[in-house]
Amino acid sequence: MDLDFLDKFTGGDQELTIQLIEIFLKQVPEAIGEVECTHPRRDWKETHAVAHKLKSSIAIFELHELKNSSPTLKNMHAMVNVSKISSPLC
């Protein structure tokens, strides 16, 4: 994990940095759970939305290993026209 970008993003504000890390640590497991629910149902619209949110979070923390795998999730929506798919609850 490279925190240089996060340090620049927060202007060196350690409290803000800690808050962002805490939010990230809370949201990532939730997002993974959502993908585990939406992907088997082939709910590409919701899977795409979650993957897009994850990709943004991953970019801020410069998690290169995860960043490289995120496009695979994000491109799942290319298989179908996501604008015509409903998003049922898990």
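This one's a predicted model, so the numbers in the text were calculated from it and none came from an experiment. (Residues numbered from 1 in each chain as written. Predicted model: local features only at pLDDT ≥ 70, side-chain atom pairs only at ≥ 80, totals over all residues. Heavy atoms only, no water.)

**A look at the overall build of the chain**
Here is the rule we go by: Helical segments are the DSSP runs of H or I of at least four residues, strand segments are the runs of E of at least two, and each set is numbered from the N terminus. A simple rule labels every residue: compare its accessible area, found with a 1.4 Å probe on the protein chains alone, to the largest value its type can have, and call it buried under 20%, exposed over 50%, or partly exposed in between. When checking whether two residues touch, look at their non-hydrogen atoms; a contact exists if any pair is within 4.5 Å. Per-residue and other accessible areas follow the Shrake-Rupley method at a 1.4 Å probe size, with only the shown protein chains counted as cover for residues.
From N to C terminus, the chain includes 4 helices and 0 strands. Across the 90 residues in the chain, those meeting the buried criterion constitute 23%. Expressed as a percentage of contacts within the chain between residues at least 6 apart in sequence, the contacts between residues at least 24 apart total 64%. Here the chain displays about 6100 Å² of accessible surface, and carbon together with sulfur accounts for 58% of that area.

**What about the confidence of the model for the chain?**
For clarity, the cut-off: Looking at any residue, its pLDDT shows the predictor's confidence there, from 0 to 100.
Across the chain, the average pLDDT comes to 75, with 68% of residues at 70 or higher. Of all the helices and strands in the chain, helix α4 (residues 64-74) carries the lowest mean pLDDT, 52, while helix α2 (residues 14-38) carries the highest, 90. With pLDDT under 50 throughout, residues 76-87 is counted as low confidence; its partners more than four residues away or in other chains account for 18 contacts.

**Remarks on the packing of α2 against helix α3 (residues 44-60)**
For clarity, the threshold we go by: Axis definition: a line fitted to C-alpha atoms, limited for helices to the stretch in contact. Angles are taken between N-to-C directions and run from 0 to 180 degrees. Angles below 35 degrees are treated as roughly parallel, those above 145 as roughly antiparallel, those between 65 and 115 as roughly perpendicular, and all remaining angles as oblique. Handedness of a helix crossing follows the sense of rotation of the near helix relative to the far helix, less than a right angle counterclockwise being left-handed and clockwise being right-handed. Lys, Arg, Asp and Glu make up the charged group, whereas Ala, Val, Leu, Ile, Met, Phe, Trp, Tyr, Cys and Pro make up the nonpolar group; the residues left over, Gly among them, are polar.
Where α2 contacts α3, the axes come no closer than 9 Å and their chain directions differ by 155 degrees. As the angle between them shows, α2 and α3 are arranged roughly antiparallel. Handedness of the crossing formed by α2 with α3: left-handed. Only Glu46, Thr47, Val50, Leu54, Ser57 and Ile58 of α3 make contact with α2, whose side of the interface consists of Phe24, Gln27, Val28, Ala31, Glu34, Val35 and Thr38. In terms of residue class, the contact of α2 with α3 is built from 7 nonpolar, 4 polar and 2 charged.

**So, unusual backbone geometry**
The backbone phi angle of Arg42 is positive, close to 60 degrees, even though this residue is not glycine. The topology assignment puts Arg42 in the loop between α2 and α3.

**Here's the deal with α2**
Selection rule: Working rule for helices: expected span equals 1.5 Å times residues minus one. In protein, a polar contact requires one atom able to donate a hydrogen and another able to accept it; more generally it is a pair of N or O atoms within 3.5 Å, and residues adjacent in sequence count only if both atoms are side-chain atoms.
For α2, which comprises 25 residues, the first-to-last C-alpha distance of 35 Å matches the rise-based estimate of 36 Å (1.5 Å per residue) to within 8%. Every buried residue of α2 is accounted for by Thr17, Phe24, Val28, Ala31, Val35, Cys37 and Thr38. Between the side-chain oxygen of the N-cap and the backbone nitrogen of Glu15 there are 3.0 Å, and the N-cap of α2 in question is Asp13.

**A closer look at the pattern of salt bridges**
The line we're drawing: Only one rule defines a salt bridge in this text: a Lys or Arg side-chain nitrogen within 4 Å of an Asp or Glu carboxyl oxygen.
Tallying each qualifying case throughout the model produces 2 salt bridges. Of the charged contacts, one joins Glu30 and Lys26 as a salt bridge, the two residues approaching to 3.3 Å between their closest N and O atoms. Taken together, the residues span about one helical turn, with Glu30 and Lys26 both in helix α2 at a distance of 4 residues. Looking at Lys26, the relative accessible area reads 55%, which means it is exposed. A salt bridge links Arg41 to Asp43; the nearest nitrogen and oxygen atoms lie 3.1 Å apart. Note on Arg41: relative accessible area 31%, which makes it partly exposed.

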